[in-house]
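Residues per chain are reported as follows:
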Amino acid sequence: MKKMWILVVLLIAAIGCGAEERAARADELAVGAKAPAFSLVNAVDGKKLEMKPTDGNLKVVVFTCNQCPYAKAFEPRIIELAKKFQNQGVRFYAIDPNDDSKYDVETLANMKARAQEKDYPFPYLKDGDSSVAHAYGARVTPHVFVVDGSGVIRYRGYVDDSAKPEDRKTTGLSDALMSLLNGRDVANGATNAFGCTIKWKS
Amino acid sequence: MRKFARFAVTFLSFAALHAHAADLRAMINPAEIASVFPVAAKLRVVNVWALWCAPCVAEIPDFRAMDAAFGSEVAFAGVNMDDMLPDASAKPVKAFLDKQKITYPNVYYKGNADSLGKYLNFNGSLPFTIVYDSKGKELWRQDGRIDREQMIAKLRDLLRRKS
């Protein structure tokens, strides 16, 4: 019996260490890296949606959430950019990677309510075990990755360098999409995303 | 006598209200931050935080305790990022610092977020803490919430090496 308890304690310790190592390993994917595919539930209609990196389309993957004031401050800007660029064939995917077992505000029902209230022009996907955020190496919300039609990451970092339009010096996401749509390389492909730390599911 | 009592009550209320008035200074240029530190301090600690960041708020009492414990050898300063949000104001930040009885200086940063990130070389997630020596050389940094006991041990170790 005593041996069994020791085994249980060791097993719990091993699981704990694994979670820490996993978090520490999650490096932000670099420009030029292959974007991971994902298949996640869209909170708006409850259906699974698949993102195939090599589908030929330019794509924007935005890690965002319901609770972060900084992510919420960028929400109108992301909606504005999605409306503008979706007309030019760019696909937007908003992903909520926060742990909904600890934060009720991040449940599928609350995500759906927010998407409907703000009239999201893109799917709002639940990354329930934070695995997609880990795969991309997202750190914060909001954190943006632009993936080209062949599945290569061409931009990663912030939406803009400030949430306040009057303070903006660089419009990172918009500039990257404009360049790629015009067949040019992205001049400033890697920027420093700022925001709330992702509430990892562990 | 009644007049004196009224005066005493007014005086004591005023004194109580201002006993822990926080030192909050608005700044736009990241390079100005160093100016809040006293020259004599052997170590300078910069804690980047915001009211909207729960782990940041949770660790403020730890910084208050360390500030009290280390005296003048270690100087603490907060850099508040609330102004990154539209329609933000320094008022709730000041009220929070007053309530927390924070006496070390805090900067209400009004500049561009990315400029500060580049200046302090931090990856954008709050909270964030850096320890510098008196000449501004970085000695240690913590990404995310600090562990108070671990940080106290680190500061003691750094002080030992400086003396």
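Now for a look at the structure at hand.

Observations concerning the interface of chain A and chain B
Phase 1 of the analysis: Contact with chain A, which involves 18 residues of that partner, is made by 17 residues of chain B.
Phase 2 of the analysis: With both chains or domains summed, chain A and chain B bury close to 1,500 Å², and 56% of this area falls on carbon and sulfur atoms.
Phase 3 of the analysis: The largest share of the area that chain A buries against chain B comes from Lys164, Asn192 and Phe194 of chain A, three residues that together contribute 37% of it.
Phase 4 of the analysis: On the surface where chain A and chain B come into contact, there are one salt bridge.
Phase 5 of the analysis: Asp83 of chain B is paired through a salt bridge with Lys164 of chain A; the nearest N and O atoms lie 2.7 Å apart.
Phase 6 of the analysis: Scanning the region where chain A abuts chain B turns up eight residue pairs in polar contact (both at pLDDT 80 or more).

Some words on the pairing of strand E2 (residues 43–49) of chain B
Residues and elements named next belong to chain B.
Phase 1 of the analysis: By the criterion of burial, E2 is predominantly enclosed, with seven of the seven residues buried.
Phase 2 of the analysis: Residue alternation in E2 divides its side chains into two sets, Leu43, Val45, Asn47 and Trp49 and Arg44, Val46 and Val48, and both sets are buried.
Phase 3 of the analysis: Bridging between E2 and strand E3 (residues 74–80) involves seven bridges; their strand directions are parallel. Opposite Leu43, over in E3, you have Val74 as the bridge partner.

Concerning the packing of helix H2 (residues 54–70) of chain B against helix H5 (residues 148–162) of chain B
Residues and elements named next belong to chain B.
Phase 1 of the analysis: Following both chains from N to C, one finds H2 and H5 inclined at 30°, their axes separated by 11 Å at the closest point. The angle between H2 and H5 falls in the class roughly parallel. Every pair of crossing elements has a handedness; the one defined by H2 and H5 is right-handed. Residues Pro61, Asp62, Phe63, Ala65, Met66 and Phe70 of H2 form the contact with H5, whose own contacting residues are Arg148, Met151, Ile152, Leu155, Arg156 and Leu159.

Parameters at a glance
- Residues numbered from 1 in each chain as written.
- Chains lettered and ligands numbered in written order.
- Predicted model: local features only at pLDDT ≥ 70, side-chain atom pairs only at ≥ 80, totals over all residues.
- Heavy atoms only, no water.
- Contact = heavy atoms within 4.5 Å.
- Buried area = accessible area lost by both parts, 1.4 Å probe.
- Salt bridge = Lys/Arg side-chain N within 4 Å of Asp/Glu carboxyl O.
- Polar contact = N/O pair within 3.5 Å; in protein donor to acceptor, adjacent residues only side chain to side chain.
- Buried < 20%, exposed > 50% of the residue type's maximum accessible area, 1.4 Å probe, protein only.
- Helix = DSSP H or I, 4+ residues; strand = E, 2+ residues; numbered from the N terminus.
- Pairing = 2+ DSSP bridges.
- Axes fitted to C-alpha atoms, helices over the stretch in contact; angles between N-to-C directions.
- Parallel < 35°, antiparallel > 145°, perpendicular 65-115°, else oblique.
- Left-handed = near helix turned anticlockwise from the far one by under 90°.

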